[in-house]
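In case you want the letters, here they are:
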Amino acid sequence: MKLATIRRDSRENNTVAVRIDGDSATDLGFPSVDALLKAGALDAARTLDGPQFPTEHLDFAPVVTNPGKIICVGVNYRPHIKEMGREIASHPTLFMKFSEALVGSGDPLIKPFESEMFDFEGELGVVIGQKVRRAKGPAATAAIAGFTICMDGSVRDWQNHTGQWVAGKAWEGSTPVGPVLVDRDSFERHARLTTRLDGQVMQSGFVDDVVFGPEAIIEYASTFVTLNPGDLILTGTPGGVGHARKPPVYLQSGQSLEIEIDGIGVLSNVVTEG
């Protein structure tokens, strides 16, 4: 099952959650996928009926529009750990974003005026489907509603102002999420992630080539905070980021960025300075 949050017109708050079946989208009667999850309607969404319209030219909002928490994992993929000169950590390296950072597939990806070091990181996103605290084993798996695609826009100079990363990771408009959510049981965990900049492949790796998988991250994070439906977790990025290249490659206004994950689709945005 594939779910999305789309805009029905130009009004900012006029969004609906839809189920996508081939070239048809069904309005599920909720304003967003996160609202659907908070209502406990994930299973019902498989058969819910409603107005239908073609998927061509859908205007995608972020899959989750107002998550209570956005938890991100740094240096989690083994190739990325190597290229950044880091050691394998004993615990997940976490940082946070805010909902203002999120944009949808097709929305402008905002490169800050204040930096010339805006970097790309293609990532698998995990959306929480049920409330969980101190999850272990099967409970961590059961907490996953599904998977989506994310781009962790990283403003490297601000990220390196101090030892804490949030100032470089939480810029408004820097984090596309979407275009769809694929439910947990439909997603193949050994999927390839590919990041393309103006059509050139920059990152290519498998989403299970990580130190801490989705369940391990959920177990760790839910130990210190309750995870709720609609919360979003970014699980890290493969090797190939611009900052680690020689010479470095940073995003420039007008460039096209695509992140593809097998079984989910393509997250596509054009960089715009702002």
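Treat the numbers as computed from the prediction; the structure is a model and nothing was measured.

Asks: Give a detailed account of the pattern of salt bridges, specifying residues and quantitative values.
Replies: Going through the model one piece at a time under the given rule, you end up with 16 salt bridges. As a salt-bridge pair, R7 and D59 come within 2.9 Å of each other at their nearest N and O atoms. Taken together, the residues span a long stretch of sequence, with R7 in strand 1 (residues 2–7) and D59 in strand 5 (residues 59–60) at a distance of 52 residues. On the basis of relative accessible area, D59 is assigned to the partly exposed category, the value being 33%. Across the pair R156 and E121 runs a salt bridge, and its minimum N-O distance is 2.7 Å. In this pair, R156 is assigned in helix 4 (residues 156–159) and E121 in the loop between strand 10 (118–119) and strand 11 (122–128), connecting sequence segments 35 residues apart.

Asks: Lay out the side chain of D27 in plain terms, naming residues and giving numbers.
Replies: By the secondary structure assignment, D27 is in strand 3 (residues 24–27). Lacking a salt bridge, the buried D27 has R8 as its closest oppositely charged neighbour, with an N-O distance of 4.1 Å. Within the structure, the side chain of D27 is placed 2.9 Å from the backbone nitrogen of G29, a separation counted as a polar contact. Dropping the residues within four chain positions of it, D27 is found in contact with R8, V16, A17, V18, D49, G50, P51 and F53.

Asks: Before we move on, could you go through the environment of D49 and cite the residues and values that matter?
Replies: One can find D49 in the loop between helix 1 (33–38) and strand 4 (52–54). The spatial distance from the C-alpha of D49 to the C-alpha of M202 is 41 Å, given a sequence separation of 153 residues. Dropping the residues within four chain positions of it, D49 is found in contact with T26 and D27.

About the cut-offs
Residues numbered from 1 in each chain as written. Predicted model: local features only at pLDDT ≥ 70, side-chain atom pairs only at ≥ 80, totals over all residues. Heavy atoms only, no water. Salt bridge = Lys/Arg side-chain N within 4 Å of Asp/Glu carboxyl O. Helix = DSSP H or I, 4+ residues; strand = E, 2+ residues; numbered from the N terminus. Buried < 20%, exposed > 50% of the residue type's maximum accessible area, 1.4 Å probe, protein only. Lys, Arg positive; Asp, Glu negative; His and termini not counted. Polar contact = N/O pair within 3.5 Å; in protein donor to acceptor, adjacent residues only side chain to side chain. Contact = heavy atoms within 4.5 Å.

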